[in-house]
Amino acid sequence: MSQVARSKGRIGFIAGFLVLPLALYLTFVIWPYVQTFGYSFTNWSGQSPTFDFVGLENYQALMEDEVFRGALWHNLLLLVFVPVITILLALFFAFMVNAGGRSGAGGVRGVRGSAFYKIVYFFPQVLSLAILAVLFGAVYRSDAGGLLNGFLAKLGLVDPVHPVEWLNQPDLVLWCLLLVVVWHGVGFYLVLFSAAMQSVPKDIYEAALLDGAGRAQTFLRVTLPLLWDSVQTSAVYLGIAAMDMFVLVSTMTSGQFGGGPDHHSEVMATVLMRNFLYFGKSGYACAMGVVMLLLTMILSIVTLRATRRERIEF
């Protein structure tokens, strides 16, 4: 068999395996995106088979929609705080369970009981978001029977007769949701960073300790640079999660699909679903989806570009 015939046979073999997955991807992923983009220029109600082309009217209405602008601002706040807090906590705990203990005859090691801590920290990650919403609904319950209010009442910090309504306070509700996201995510990224740290030779940490580096210097000048690729990837994923937040907001806060009180916990996803399912403004909702897609893509590109640096080999 000639080289050309063998090459053609290999190409045909590979193409045969790729045709079906590619067709499924185009049908169920790319085509819905294309449809959403097209519907965003119409006044489609979501149920009627007929609709009219309205051009950029939906996008102009978005810029004038105070609820959507408020939701966008909330997403941007979460976009800043969720990745930063989650990554910092995960890095700190990963450092402690891998290299935070005292160095002995066996070299650098984690704190005592580090294997147990990894399991405990990862436990929130095995809970679905629906279970998480129910769990923290009990924590934030707006009476003395709520876990947080009951604990603070025991300390004398909260009046048990007039407990704090955590999820009904405009100034508190978004930060309460932020705490849930961070609590849920830290364990996963702790395991991710721990796996990356275990690939770092212990000799590097021992050399830093011999040179007189403290824990803070070791973390900033040794651990962080070596884990930068993992940190970069984590920032992208956490940023995408912060741009969503639909499940927690819709299940833990008041209003249709959440967003209460008075839109103070609104995010773009809840505004989109409310317009699509309740108000019959599906074309308008599709325009929101296109904006969310563009913002997410811009976020990913900017994050990867801004955090890019030379790879450290060891």
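The notes below deal with the structure included here. Please read these numbers as outputs of a predicted model, since none were measured by experiment.

### Examining the overall build of the protein
Of the regular secondary structure elements, the protein holds 13 helices and 0 strands. Of the regular secondary structure in the protein, the N- to C-terminal order runs α-α-α-α-α-α-α-α-α-α-α-α-α. Its C-alpha atoms give the protein a radius of gyration of 25 Å, clearly above 20 Å, the size a compact globule of 314 residues would have. Its C-alpha atoms give the protein principal-axis dimensions of about 90 × 75 × 30 Å. When the accessible surface of the protein is split by element, carbon and sulfur atoms take 67% of a total near 18,400 Å². Between the centroid of the 19 positive side chains of the protein and the centroid of its 18 negative side chains there is a distance of 16 Å.

### Quick word on the packing of helix α5 (residues 129-139) against helix α7 (residues 173-198)
As a packed pair, α5 and α7 sit with axes 11 Å apart at the nearest point and diverge in direction by 130 degrees. Taken together, the axes of α5 and α7 are oblique relative to one another. The hand of the α5/α7 crossing is right-handed. Taking contact as the criterion, the partners of Leu 129, Leu 132, Leu 135 and Phe 136 in α5 are, on α7, Val 180, Trp 183 and His 184. The residue inventory of the contact of α5 with α7, partitioned by class, reads 6 nonpolar, 1 polar and no charged.

### Things to note about the packing of aromatic side chains
Enumeration according to the criterion identifies 14 aromatic pairs in this entry. With a centroid separation of 5.5 Å and 85 degrees between ring planes, the pair formed by Tyr 39 and Phe 51 is classed as edge-to-face. Of this pair, Tyr 39 sits in helix α1 (residues 3-39) while Phe 51 sits in the loop between α1 and α2 (57-64), and the two are 12 residues apart along the sequence. The exposure class of Phe 51 is partly exposed, given its relative accessible area of 37%. For the pair Phe 93 and Tyr 121, a centre-to-centre distance of 4.7 Å together with 25 degrees between the ring planes defines the contact as stacked. Here the residue Phe 93 occupies a position in helix α3 (residues 66-99), and Tyr 121 occupies one in helix α4 (residues 114-122), the gap between them amounting to 28 residues. Taking relative accessible area as the criterion, Phe 93 reaches 22% and is therefore assigned partly exposed. By the ring-pair criterion, three or more aromatic residues cluster together here, those being Phe 92, Phe 93, Phe 116, Tyr 117 and Tyr 121.

### Looking at the environment of Leu 129
Here Leu 129 shows up in helix α5. For the pair formed by Leu 129 and Val 181, sequence separation is 52 residues and the distance between their alpha carbons is 9.4 Å. Not counting chain neighbours up to four residues away, the residues in contact with Leu 129 comprise His 184, Val 247 and Leu 248.

### Comments concerning the side chain of Thr 303
Checked against the element boundaries, Thr 303 lands in helix α13 (residues 282-306). Here Thr 303 falls in the buried class, since its relative accessible area comes to 13%. Setting aside its immediate chain neighbours within four residues, Thr 303 contacts Ala 235 and Val 236.

Conventions and cut-offs
- Residues numbered from 1 in each chain as written.
- Predicted model: local features only at pLDDT ≥ 70, side-chain atom pairs only at ≥ 80, totals over all residues.
- Heavy atoms only, no water.
- Helix = DSSP H or I, 4+ residues; strand = E, 2+ residues; numbered from the N terminus.
- Rg over C-alpha atoms; globule rule 2.2 N^0.38 Å.
- Areas by Shrake-Rupley, 256 points an atom, 1.4 Å probe, with all protein chains shown as cover.
- Lys, Arg positive; Asp, Glu negative; His and termini not counted.
- Charge placed at Lys NZ, Arg CZ, Asp CG, Glu CD.
- Axes fitted to C-alpha atoms, helices over the stretch in contact; angles between N-to-C directions.
- Parallel < 35°, antiparallel > 145°, perpendicular 65-115°, else oblique.
- Left-handed = near helix turned anticlockwise from the far one by under 90°.
- Contact = heavy atoms within 4.5 Å.
- Nonpolar A, V, L, I, M, F, W, Y, C, P; charged D, E, K, R; others polar.
- Phe/Tyr/Trp six-rings, centres within 6.5 Å; stacked < 30°, edge-to-face > 60°.
- Buried < 20%, exposed > 50% of the residue type's maximum accessible area, 1.4 Å probe, protein only.

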